[in-house]
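Reading the structure
What follows is the residue order along each chain.
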Amino acid sequence: MATAVIETGERETYLNKEYGIKSWLLTVDHKRIALLYLMGITFFFFIGGFFALLIRLELLTPAGDLVQADTYNKLFTMHGQIMVFFFLIPAVPAVLGNFLIPIMIGAKDLAFPRINLLSWYLYMIAGVMMLYTIINGGVDTGWTFYTPLSTEFLNTHVISAGLSIFVAGFSSILTGLNFVVTTHRMRAPGMTWSRLPLFVWAHYATSIIQLLGTPVLAITLVLVVAERLFHLGIFNPALGGDPLLFQHLFWFYSHPAVYIMILPGMGIVSEIVCCFSRKRVFGYQAMALALLGIAVVGFLVWAHHMFVAGISLYAALIFSILSYFVAVPSAIKVFNWTSTMYKGSISYQTPMLYAFGFIGLFTMGGLTGLFLASLGIDVHVTDTYFVVAHFHYIMVGGMVMAYLGGMHFWWPKISGKLYPEAWGRLAALLVFVGFNLTFFPQFVLGYMGMPRRYWDYSHSPEYQILNVLSTAGATVLAVGYLLPMVYFLWSMRYGKPAPDNPWNAAGLEWKIPSPPSTYNFEEQPVVTWEAYNYDELDKRAEEVPVAH
Amino acid sequence: MFQTMPLWPARASSMANNVDALYIFLLVVSGMMTLLIFIMVVFFAVRYRKRPGHHAEQIDGSHALEITWSVIPFFVFMVFFGWGAWIYFQERKPPQNAAEVYTVAKQWMWKFEHMEGQREINELHVPIGRDVKMIMTSQDVIHSFFVPAFRIKQDVLPGRYTVAWFHPTKAGTYHLYCAEYCGTQHSGMVGSVVVMEPKDYEAWMGGGGNQPLAVTGERLFSELGCITCHRADTQGRGPTLAGIYNKPVLLEDGRTVTADDNYLRESILQPTAKVVNGFKPIMPTFQGQISDEQLNALVAYVKSLGQQPSGQTGGKSIAAARPQTE
Ligand code: HEM
Ligand SMILES: [Cu+2]
Ligand SMILES: [Cu+2]
């Protein structure tokens with residue numbers, strides 16, 4: 001089966017079924033929409049990355065000499081907004097989730113194909129509004145929009161940025177809605193809840209957070225815009241408002257949002273680790289429950305971002321202890337991935353290298369989260385580079401690693417082509433080294449006291465050497481990110497055609513041709529096996545030896 | 001041109017050792033956890049690598065193990081929580097006798113007022129061995145008072161007071177940062193805290209010619225006409241203010257609140273927000289009529305009223321807050 005190489009140009013696939021711009025812009029095929037998203041997301045990833053490089057270059061020397069203070073403030077603001085709302089939140093769900101969830105559960109498409117297209121259009125409209133904001137001079141509120149700075153004191157494009165994120169939020173809500181309904185209603189016969197790939201469970205948990213949390217962000221942004229326009233006095237104390245109210249509302253969404261960003265990555269890693277260990281996942285039930293547990297308890301910890309903001313002593317104690325409760329399911333996940341490798345048959349292809357990276361870096365990000373949840377430590381390191389390092393370990397070290405791992409893992413399925421494995425491994429290595437060089441020094445900087453969002457640190461030149469290391473790392477990281485972009489594009493033209501199941505992986509998506517046809521399955525699949533049945537697959541592969 | 005670079009912040013307050021001890025504990029414990037995971041991943045990856053004749057052995061999982069690696073971390077986490085909370089408790093509870101320094105933050109500078117009347121900008125002088133309590137407010141956006149060498153940080157908000165305190169232990173000049181992003185010159189909103197030997201501090205203070213903050217407040221109290229209602233006897237149209245600081249106040253609506261700094265502040269700016277039992281809401285608002293500095297002086301004056309010489313109420317100057325043992 002794995003040897004069957006497709007004659008190019010013969011079979012009808014979702015890619016060659018129709019040609020022309022219109023066939024893409026009006027498509028309701030979840031796979032094509034996934035590719036549309038992929039283009040948008042890649043575009044914004046590189047814009048956000050470009051801003052990041054400018055930030056790092058500015059910090060190479062203590063003096064603020066490369067750009068103006070206001071420009072610097074815009075750079076970190078738009079870096080954050082673009083990376084969070086236009087890359088991290090949609091990346092895995094809207095690209096890989098969109099492409100794979102219907103196939104993994106044996107469906108022809110998502111429950112609401114047109115709504116799926118609508119969410120892409122909303123994403124693009126939001127993206128255009130963000131570009132409009134940038135081109136018109138940008139915004140410098142910080143991605144957190146803290147009031148009353150954002151409502152009364154800045155004369156940049158706060159309104160268009162706020163509305164842009166408001167619209168992006170609706171795109172996110174609709175995607176979540178679509179996934180929840182799809183998972184409930186569209187599963188193939190035999191695809192019970194306990195047979196769902198963890199990738200689907202992860203997206204299910206994510207979607208619930210998107211549905212419940214994102215409206216709060218939308219409301220908050222509307223209030224910010226309204227206060228800015230009409231001086232309502234909701235958040236501005238000079239008008240009788242309360243700036244802490246803003247922070248509560250903002251973090252009520254934005255803490256759960258960090259799980260919107262990481263849970264889909266966890267789903268990817270579960271798929272990869274099982275496949276390249278040739279094993280069932282260790283503790284399927286615990287892995288699925290941990291995802292749901294994180295999603296639920298994640299709603300109860302938001303004020304750990306506010307320990308020095310002026311909340312009461314007792315509120316701080318409650319939010320601190322609850323933050324430790326979320327860490328328990330995260331710990332279970334890390335231990336279970338590791339145990340999945342125990343007595344496996346492990347190979348080191350590119351996706352697995354990314355999964356290794358994810359496990360290590362997510363562990364470090366999670367553990368430093370425990371530092372921050374400890375009140376006495378947080379007082380010292382909050383709003384310093386320690387926090388910056390913490391969340392980059394999770395979001396870049398964890399989530400972006402998982403995203404790249406997933407892209408490599410499913411690229412043969414998506415494109416029908418193989419990427420060059422040696423280059424893949426090299427890029428994974430560069431990303432890992434570059435990442436650690438960039439962000440590890442920031443933990444040290446943070447504890448030394450360097451505040452975040454500082455354009456100029458000439459009063460504290462003792463911070464320079466660590467900043468130089470960090471900037472050096474960022475250039476390595478940039479190369480590591482550019483490489484896959486180049487060879488993925490290259491492989492679309494010159495890559496070897498991919499077999500249907502290049503990894504001999506479990507899961508329905510590997511039982512259909514690469515790339516799939518428009519309706520995924522010729523006939524309704526019926527599932528009779530458990531998830532990750534690698535023993536059966538390997539047994540069958542031995543009976544029919546694979547020629548490599 | 002790199003300076004000599006310590007990779008650890010100076011330790012110059014009583015809190016620094018506490019925080020560092022917990023931090024090192026966390027580093028060791030989480031270092032061990034990280035190492036454990038790294039070693040397991042690398043060991044399994046090598047030991048169970050794919051090779052001819054080797055098969056994966058299917059294992060469904062183990063609830064016993066899962067419970068183990070939930071419960072053990074949980075107890076470890078509770079130690080992190082408890083120890084961190086214990087430090088935070090101390091950080092949030094200024095000692096009774098702490099000296100007070102009023103702080104007004106604005107884009108992009110720090111203004112400090114000592115009780116003796118000294119004013120400083122972006123520089124704060126304090127002596128070793130005194131508890132110092134910063135009573136802070138902002139004129140515009142949110143800022144954050146951060147002194148890494150003291151391991152303290154507290155956001156400074158417009159429209160209310162927030163408090164931070166520290167007990168300097170080592171002479172030197174330390175960074176003071178604004179840690180909450182506050183606009184264009186956020187990174188320029190820096191300064192220093194100069195910790196001095198008590199006798200140097202005395203000499204620095206000795207400059208003289210300053211009017212103590214409470215005296216400024218007293219002058220304002222009569223200039224603004226507060227005194228016409230808030231009389232020293234109980235015959236005024238407003239309540240007597242002598243000795244009310246940090247005492248419970250019964251309100252018109254039946255609630256009882258403590259007359260802390262924020263209460264005094266609010267009562268001056270929005271008198272009708274909390275009306276004292278037995279009085280009419282006739283006091284005019286002073287919102288927008290007085291500056292934050294004047295407000296601080298008024299609050300300092302009210303706090304000094306009816307203060308016993310032994311001083312269990314607030315409003316102490318650094319000189320008066322000398323520890324009992326000295
Ligand atoms: C083990 C679980 C985790 C714990 C206990 C934890 C704890 C914390 C705490 C207490 C803070 C506040 C720090 C401060 O502002 O002083 C924080 C900040 C942050 N964390 Fe985590 N965290 C965890 C996992 C995550 C995950 C999974 C993500 C993302 C996918 C994440 C992303 C962030 C972000 C973005 C911030 C900073 C936001 C900002 O201030 O701009 N954290 N974390
Ligand atoms: Cu959080
Ligand atoms: Cu600031």
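Read on for a plain summary of the structure. Each chain has its residues counted from 1, following the order in which its sequence is written. Whichever chain is written first becomes A and whichever ligand is written first becomes 1, with later ones labelled in order. Note on the predicted model: pLDDT of at least 70 is required for a residue's local features to be given, and 80 or more for side-chain atom pairs to be given and counted; whole-chain, interface and lining totals, by contrast, use all residues. No hydrogens and no water enter the side-chain calculation; it runs on all heavy atoms of the structure.

The next subject is the interface of chain A and chain B. In what follows, residue pairs with any heavy atoms lying within 4.5 Å of each other are defined as contacts. Each partner contributes residues to the interface: chain A has 101 residues there, and chain B has 84 residues. Summed over both sides, the interface of chain A with chain B buries roughly 8,000 Å², with 68% coming from carbon and sulfur. Its largest share of buried area at the contact with chain B, chain A owes to Leu313(A), Phe335(A) and Tyr447(A), together 9% of the area lost on that side. Here, a salt bridge means any Lys or Arg side-chain nitrogen found within 4 Å of an Asp or Glu carboxyl oxygen. Here chain A is connected to chain B by three salt bridges. Contacts described as polar in this section are N or O atom pairs within 3.5 Å, which, within protein, must combine one atom able to donate a hydrogen with one able to accept it, while residues neighboring in sequence count only if both atoms come from side chains. In this structure, the connection of chain A to chain B is made through 34 residue pairs in polar contact (both at pLDDT 80 or more). A breakdown of the residues in the side of chain A that touches chain B according to their chemical character gives 58 nonpolar, 28 polar and 15 charged. As used here, buried area is the combined drop in accessible area, with a 1.4 Å probe, of two parts when they are placed together. In this classification, the charged set is Asp, Glu, Lys and Arg, the nonpolar set is Ala, Val, Leu, Ile, Met, Phe, Trp, Tyr, Cys and Pro, and all remaining amino acids, among them Gly, are polar.

Moving on, we get to a nonpolar patch on the surface. Patches here are clusters of residues that have more than 30% relative accessible area and form no salt bridge, with a 9 Å joining cutoff for like charges and a 5 Å cutoff for nonpolar side chains (Val, Leu, Ile, Met, Phe, Trp, Tyr). Areas reported here follow the Shrake-Rupley algorithm with a probe of radius 1.4 Å; residue values treat only the protein chains shown as occluding. Together, Trp8(B), Ile24(B), Leu27(B), Val28(B) and Met32(B) line one region of the surface with nonpolar side chains, adding up to about 440 Å² of accessible area. In DSSP terms, a helix is any run of H or I states spanning at least four residues, a strand is any run of E spanning at least two, and both are numbered starting from the N terminus. With respect to the secondary-structure elements, Met32(B) resides in helix α1 (residues 14–47).

Residues and elements named next belong to chain B. Position of Glu100 relative to the elements: it lies in strand β1 (residues 99–106). Under the scheme applied here, a residue whose accessible area is under 20% of the maximum for its type counts as buried, over 50% as exposed, and between as partly exposed, the area being computed with a 1.4 Å probe on protein chains only. Residue classification places Glu100 among the buried positions, given a relative accessible area of 2%. Of the polar contacts made by the side chain of Glu100, one reaches the side chain of Lys303; its length is 2.8 Å.

This next bit is on the site of ligand 1. Residue and element names in this part refer to chain A. Distances are taken per atom, and a residue is near a molecule or strand as soon as one of its heavy atoms is within 4 Å of it. Within the structure, ligand 1 sits among 20 residues, and Val258, Asp378, Thr382, His390 and Arg452 are positioned closest to it. Between an oxygen atom of ligand 1 and a side-chain N or O atom of Trp143, the distance comes to 3.0 Å. Note that an oxygen atom of ligand 1 is positioned 2.5 Å from one of the side-chain N or O atoms of Thr382. Put simply, the parts of the chain that give the shell around ligand 1 at least two residues each are α8 (243–277), α11 (350–373) and α13 (385–415). In terms of residue count, α13 provides more of the shell around ligand 1 than any other element does, five residues in total. Here the shell around ligand 1 is built from residues that sort into eleven nonpolar, seven polar and two charged.

A word on the coordination of the iron atom of ligand 1. The protein supplies the iron atom of ligand 1 with one donor atom, His390(A) (NE2), which lies at 2.2 Å. In this structure, the iron atom of ligand 1 is positioned 4.5 Å from the copper ion (ligand 2). For Na, K and Ca the donor cutoff is 3.2 Å, while for all other metals N, O and S atoms count as donors only within 2.8 Å; water does not appear among the atoms, so some sites may look incomplete.

All names here are of chain B. Within the protein, the copper ion (ligand 3) binds to Cys178 (SG), Glu180 (O), Cys182 (SG) and His186 (ND1); these donor distances fall in the range 2.1 to 2.6 Å. Here a site with four donors is tetrahedral if all angles are between 85 and 135 degrees, and a site with four or six donors is square planar or octahedral if opposite donors are over 155 degrees apart and the other angles are between 65 and 115; anything else gets the irregular label. What the four donor atoms of the copper ion (ligand 3) show is an angle range of 88 to 127 degrees at the metal, which sorts the shape as tetrahedral. Counting the intervening residues between successive donors of the copper ion (ligand 3) yields the motif C-x1-E-x1-C-x3-H. Each member of the pair, Cys178 together with His186, is buried.

Residues and elements named next belong to chain B. Overall, mixed pairing links the five strands, which are arranged β3-β2-β1-β5-β8 in an open sheet. Strands at the two margins of the open sheet, each flanked by one partner only, are β3 (119–121) and β8 (162–166). Taken pair by pair, the neighbouring strands of this sheet meet at an average axis angle of 25 degrees, ignoring direction. Note: two strands are recorded as paired if DSSP finds a minimum of 2 bridges between them. Note: strand β2 (residues 109–114) against β3, three bridges, orientation antiparallel. The partner of Glu113 across the bridge, within β3, is Arg119. For every element, the axis is a line fit to its C-alpha atoms; helices are fit only across the contacting stretch, and the angle between N-to-C directions ranges from 0 to 180 degrees. Sitting on the sheet, helix α7 (residues 292–304) is in contact with β1, β2, β3 and β5 (132–138), with an inclination near 160 degrees to β1.

So, on to the pairing of strand β10 (residues 191–196) of chain B. Residues and elements named next belong to chain B. For β10, a buried count of six out of six residues is recorded, marking the element as mostly surrounded by other parts of the structure. The alternating pattern of β10 places Gly191, Val193 and Val195 and Ser192, Val194 and Met196 on opposite faces, both of which are buried. As judged from the five bridges shared by strand β4 (residues 123–127) and β10, these two strands associate in the parallel manner. When the sheet's bridge partners are listed, Pro127 is paired in β10 with Met196. In the sheet, strand β9 (residues 172–178) pairs with β10 via five bridges, with the strands oriented antiparallel.

Attention now moves to the sheet that holds strand β6 (residues 143–147) of chain B. Residues and elements named next belong to chain B. Across the sheet, which stays open at both edges, the five strands sit in the order β4-β10-β9-β6-β7 with mixed pairing between neighbours. Each of the sheet's edge strands pairs with one partner strand only, and the pair in question is β4 and β7 (152–156). Between one strand axis and the next, the sheet turns through 20 degrees on average, direction left out of account. Against the sheet, helix α3 (residues 198–205) contacts β4 and β10, and its axis sits at roughly 130 degrees relative to β4.

In short, shape yes, function no, at least from these values alone.
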